[in-house]
Amino acid sequence: MSMTDPFDISHPPTNLLKTIFSKDYCFQYDFITVVNVMRFVSFLVSVILLLNVNCIRYETRCKLVRELLKAGIPNDIFLGQWVCLAEKVSNRDTKAFVVSPSGKKSYGIFQIPSRWCREGKKGGECNVACESLLDDDIRDDTACAVTIFHREGFKYWTKWENRCKNDKMITTEIYKCPDLIHPRLSPELNSPSEVLRTKRKHSRVGMERS
């Protein structure tokens, strides 16, 4: 059965309305709409996957600890402070990118300001490209953050000053991570709780010096 073209001006208006609201026409219109919506959803999902393919948010502190150790952060009294810093400034998100109302840009898991990097190519005081601070390789982020720490201290990050300086809970928690459990305890440290208490004591001394 041939279908009348609803937009053929040779048909009278009455026939046009009948054709537009006919079941056959409505069915074809609905089918085309569904197909287009499905195509759009498929495209949207593909874009989201592409945007997130090289980005990582460390869901747990222990996962972040493992990567920090790989990146060269020593297992010392400040390890908990690095974990806290990453957690408070970026929610442990490697792709975090923030532009302040004044236009200041901060990049990556440690929210490194643009003064320390350069857009498009290596540069800044860390001699690193800003874009490289937004991928899942945190070695360059960590190296730059350590440079900032050596020059300015943790107090360079306002959120560390407000939310990490006096917080010993994270330091205590991370020493329960598998990568930080000591295989051999010294004679005077006869229980894991003693290890944690000693770590907390050392952390207090270190923070007083910083």
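Residues numbered from 1 in each chain as written. Predicted model: local features only at pLDDT ≥ 70, side-chain atom pairs only at ≥ 80, totals over all residues. Heavy atoms only, no water.

## What to know about the pattern of salt bridges
Worth spelling out the cut-off: Here, a salt bridge means any Lys or Arg side-chain nitrogen found within 4 Å of an Asp or Glu carboxyl oxygen. Think of it this way: any DSSP run of H or I at least four residues long counts as a helix, any run of E at least two long counts as a strand, and we number them from the N terminus. Each residue's exposure class comes from its accessible area (1.4 Å probe, protein chains only) as a fraction of the maximum for that residue type: buried when under 20%, exposed when over 50%, partly exposed otherwise.
One pass over the full model with this rule turns up 14 salt bridges. Between R115 and E125 there is a salt bridge, with its nearest N and O atoms 2.7 Å apart. With R115 in the loop between β3 (112-113) and α5 (139-152) and E125 in the loop between β3 and α5, this pair connects stretches of sequence that are 10 residues apart. Of the charged contacts in the structure, one is a salt bridge between K176 and E173, with a shortest N-O distance of 3.4 Å. Taking relative accessible area as the criterion, E173 reaches 33% and is therefore assigned partly exposed. Here the salt bridges share partners, and the residues they tie into one network are R61, E87, K88 and R92.

## Quick notes on the state of the cysteines
Where we set the bar: In this description, the term disulfide denotes a pair of cysteine sulfurs within 2.5 Å.
Across all of its chains, the model carries four disulfides by this definition. What pairs with C117 in a disulfide is C130, and their sulfur atoms sit 2.1 Å apart. Here the disulfide of C117 and C130 is right-handed, its torsion about the S-S bond being about 95°. Here the residue C117 occupies a position in the loop between β3 and α5, and C130 occupies one in the loop between β3 and α5, the gap between them amounting to 13 residues. For C117, a relative accessible area of 6% translates into the label buried. Its relative accessible area of 1% is what places C130 among the buried residues. What pairs with C126 in a disulfide is C144, and their sulfur atoms sit 2.1 Å apart. The sign of the 85° torsion about the S-S bond sets the C126-C144 disulfide as right-handed. Of this pair, C126 sits in the loop between β3 and α5 while C144 sits in helix α5, placing them 18 residues apart in sequence. When its relative accessible area of 18% is taken as the criterion, C126 is described as buried. Classification of C144 by relative accessible area gives buried; the value is 2%.

## A short note on helix α4 (residues 79-90)
Selection rule: Multiplying one less than the number of residues by 1.5 Å gives the expected span of a helix.
Its 12 residues give α4 an end-to-end C-alpha distance of 17 Å, which sits within 8% of 16 Å, the value for a rise of 1.5 Å per residue. Counting buried positions along α4 yields 12 of 12 residues, so the element is predominantly enclosed. If you check which residues of α4 are buried, you get L79, G80, Q81, W82, V83, C84, L85, A86, E87, K88, V89 and S90. Trailing α4 by a residue or two, N91 shows a phi angle of about 60°, which is positive.

## Description of the packing of aromatic side chains
Cut-off, in case you're wondering: Aromatic rings from Phe, Tyr and Trp, with only the six-membered ring used for Trp, were paired whenever their centres fell within 6.5 Å, and each pair was classed as stacked if the ring planes differed by under 30 degrees, edge-to-face if by over 60, and tilted otherwise.
The tally for this structure, following the rule as stated, stands at 11 aromatic pairs. Between F149 and F154, the ring centres sit 4.5 Å apart and the planes meet at 45°, which makes this aromatic pair tilted. Of the two residues, F149 and F154, neither departs from the other in class, the shared state being buried.

## So, helix α3 (residues 61-70)
Given 3.6 residues per helical turn, the α-helix brings residues three or four places apart onto the same face. Threshold: The arc in question is the one spanned by the directions pointing from the helix axis to the C-beta atoms. Contacts are assigned to residue pairs that have any heavy atoms within 4.5 Å of one another.
Within α3, the full set of buried residues consists of L64, V65 and L68. Down the axis of α3, the sector holding all buried residues measures 105°, keeping them to one side. Here the buried face of α3 lies against α4, α5 and α7 (169-174).

## Brief notes about the packing of α3 against α4
Put simply, the rule is: To get an axis, a line is fitted to the C-alpha atoms, and for a helix only the part in contact is used. The angle between two axes follows their N-to-C directions and goes from 0 to 180 degrees. Left-handed describes a crossing in which the near helix is turned anticlockwise from the far one by less than a right angle; the clockwise case is right-handed.
Following both chains from N to C, one finds α3 and α4 inclined at 115°, their axes separated by 10 Å at the closest point. Here α3 and α4 pass one another in a crossing that is right-handed. Residues R61, L64, V65, L68 and L69 of α3 pack against L79, W82, V83, A86 and E87 of α4.

## Here's the deal with the side chain of R92
Put simply, the test is: N or O atoms closer than or at 3.5 Å make up a polar contact, with two conditions inside protein: a donor-capable atom paired with an acceptor-capable one, and, for residues adjacent in sequence, both atoms drawn from side chains.
Looking at where R92 falls in the secondary structure, it is placed in the loop between α4 and β1 (97-99). For R92, a relative accessible area of 8% translates into the label buried. A polar atom in the side chain of R92 sits 2.8 Å from the backbone oxygen of E59. A distance of 2.6 Å separates a polar atom in the side chain of R92 from a polar atom in the side chain of E87.

By themselves, these figures tell us nothing about what the structure is for.
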